[in-house]
Amino acid sequence: FIFLIVLFGGTYLAPDPQSGIMKAALFAVAVFLPYMMARLFFKTYKQIWIFLATILGLATGIAVILVAMSVSPTYVDGRLQLLQADPIPTATLLAPGLIIAVIGLTSDLFGRSRKSKAFCIAATPLCLYGVFLSGVRGPLISAIVGLAFYIVLIRRPRVLAGMVVAAILLLATFNIWHPYAVKSMPNIGGYSIEAVIQGLSTQQRLEQYQAGLTLFAQRPLLGGGTSGFAQRTGLGYPHNIFLEIASEIGLIGLIAFMCFLGSIILCGLRYLVIGAARYDSKTMPCLLYTSDAADELDGVD
């Protein structure tokens, strides 16, 4: 609430306050409304399970459509768009789909039946390939970090050993499969280290980062106003949420935002620490907050 107040208050500092109000309103709808929906409806394990299953189903379906579009004669190269949707949110949906598929494969999230395991096996490469077709790097990096945290969290030696062996094999055979992958997989060249460091996208981002830092240095306390970055620089947005907040609503907004993120991190760590004593990787591979667990944890000092 404090961050929303600062965000709407910053609209009066922008050259075009109406544009700032629109941006603040869109943020409130896109972030606050899902948060309230989660608080109201995600209270039991079954509700969370249905949500995760829905995300996996949607992501897999979209990945199948993208793969079908990629084999069409009309597709040559470049980012694929589904129904003219921006590829960034498309990839942002496919990445959680990839993570949920891996969790379902390595745990009992969707049961132990062969059908559920087979679906997760099929969904994993489909979602991964869909991310490549979208040509977006950020969600893929997030998926890798999330899966790494999951592997450490579940503490299952066999899964961890399998992942390590697979990584070693991929690195050892890099010169064999990499040339073939570059020729056969669309947009994979954009994920190379050279493309990340020297690509046009990186150069544009560096320019936007510098503009954000300059605007923040000029107005460090209150910033240039909500939506003020685009209005004052003509560069759209800084491609970095922290720079965007710092340049538009200053230190006050950045501190409020960091406190918001920090509260989430602290609650997550507190839950993991409290639930560690009751955690059993064989019977409950995924740490999902159930109503029964909530009642138990409420009594823990």
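What you are looking at is a predicted structure, and each value in this text was computed from that prediction instead of being measured.

> Teacher, can you tell me more about the overall build of the chain here?
The helix and strand tally for the chain stands at 13 helices and zero strands. Helices and strands in the chain line up, N terminus first, as α-α-α-α-α-α-α-α-α-α-α-α-α. Taken across its 301 residues, the chain has 35% of its residues classed as buried. For the chain, the computed accessible surface area is about 18,400 Å², with 71% contributed by carbon and sulfur atoms.

> Could you clarify how one ought to interpret the environment of A53 in this entry?
The topology assignment puts A53 in helix α3 (residues 45-70). By relative accessible area, which is 24% here, A53 ends up partly exposed.

> What should I look at first to understand a nonpolar patch on the surface in this one?
Together, V29, L33, Y35, M36, M37, L40, F41, F42 and F51 give the surface a local cluster of nonpolar side chains, amounting to about 850 Å² of exposed area. Along the chain, the position of Y35 falls in helix α2 (residues 17-41). Note on Y35: relative accessible area 44%, which makes it partly exposed.

> What is the right way to read the confidence of the model for the chain from this model?
As a note on interpretation, predicted positions should not be read in detail where pLDDT is low. For the chain, mean pLDDT is 79; residues scoring 70 or higher make up 78% of the total. Predicted confidence for residues 279-301 stays below pLDDT 50, and this span has 43 contacts to residues more than four positions away or in other chains.

> Explain unusual backbone geometry here, please?
Among all residues save glycine, negative phi is the norm, and among peptide bonds the norm is trans. Within the chain, S227 stands out as a residue other than glycine whose phi angle is a positive 70°. Positionally, S227 belongs in the loop between α10 (200-218) and α11 (228-233).

> What is the right way to look at the nonpolar core in this model?
General note: in soluble globular proteins, nonpolar side chains tend to be found buried as a group. Counting 30 residues, the largest nonpolar core has L56, L66, L94, I100, L109 and F110 as the members making the most contacts within it. For this core, the secondary-structure elements that each account for two or more residues are α3, α4 (87-106), α5 (114-134) and α6 (138-154). Not counting residues within four places of it along the chain, the set of residues in contact with L56 comprises G97, I100, A101, F110, F119 and A123. If you look at the next biggest cluster of nonpolar residues, it comprises ten residues, including L7, A24, I249 and A256.

> Help me out: how do you make sense of α2 in this one?
Residue pairs three or four apart in sequence face the same way in an α-helix, which turns once every 3.6 residues. Its 25 residues give α2 an end-to-end C-alpha distance of 35 Å, which sits within 8% of 36 Å, the value for a rise of 1.5 Å per residue. Where α2 bends most, at F32, the angle is about 25°, and the proline P34 comes one to four residues later. Of all the positions in α2, only G20, A24 and A28 are classed as buried. Where α2 is buried, its residues meet α1 (2-9) and α11.

> Where do I start with the pattern of salt bridges in this structure?
Proximity of charged atoms lets side chains of opposite charge pair with each other. One pass over the structure, following the stated rule, counts three salt bridges. Residues E244 and K23 are paired through a salt bridge, measuring 2.5 Å at the closest nitrogen-oxygen approach. Placement of the pair is E244 in helix α12 (residues 241-275) and K23 in helix α2, with a sequence separation of 221 residues. Using a relative accessible area of 28% as the deciding quantity, one classes K23 as partly exposed. The partner of E248 in a salt bridge is K23, and the shortest N-O contact between them spans 3.0 Å. Taken together, the residues E248 in helix α12 and K23 in helix α2 connect sequence positions 225 residues apart. Three or more residues joined by partner-sharing salt bridges are found here, namely K23, E244 and E248.

> Help me understand the side chain of S107 in this model?
Here S107 is to be found in the loop between α4 and α5. Within the structure, the side chain of S107 is placed 2.5 Å from the backbone oxygen of I103, a separation counted as a polar contact.

> How should I be thinking about the state of the cysteines in this particular structure?
A covalent bond bridging the sulfur atoms of two cysteines is what the word disulfide describes. On inspection of all chains with the given rule, the structure shows zero disulfides. Between C120, a cysteine without a disulfide, and C127, which holds the nearest cysteine sulfur, the sulfur-to-sulfur distance is 10.0 Å. Relative accessible area serves as the criterion here: at 1%, C120 is assigned to the buried category.

The rules we used
Residues numbered from 1 in each chain as written. Predicted model: local features only at pLDDT ≥ 70, side-chain atom pairs only at ≥ 80, totals over all residues. Heavy atoms only, no water. Helix = DSSP H or I, 4+ residues; strand = E, 2+ residues; numbered from the N terminus. Buried < 20%, exposed > 50% of the residue type's maximum accessible area, 1.4 Å probe, protein only. Areas by Shrake-Rupley, 256 points an atom, 1.4 Å probe, with all protein chains shown as cover. Patch = residues over 30% accessible without salt bridge, like charges linked within 9 Å, V, L, I, M, F, W, Y side chains within 5 Å. Salt bridge = Lys/Arg side-chain N within 4 Å of Asp/Glu carboxyl O. pLDDT = per-residue confidence, 0-100. Contact = heavy atoms within 4.5 Å. Core = buried A, V, L, I, M, F, W, Y, C linked by side-chain atoms within 4.5 Å. Expected span 1.5 Å × (residues − 1). Bend = angle between axes of the 7 residues up to and from the residue. Polar contact = N/O pair within 3.5 Å; in protein donor to acceptor, adjacent residues only side chain to side chain. Disulfide = S-S within 2.5 Å.

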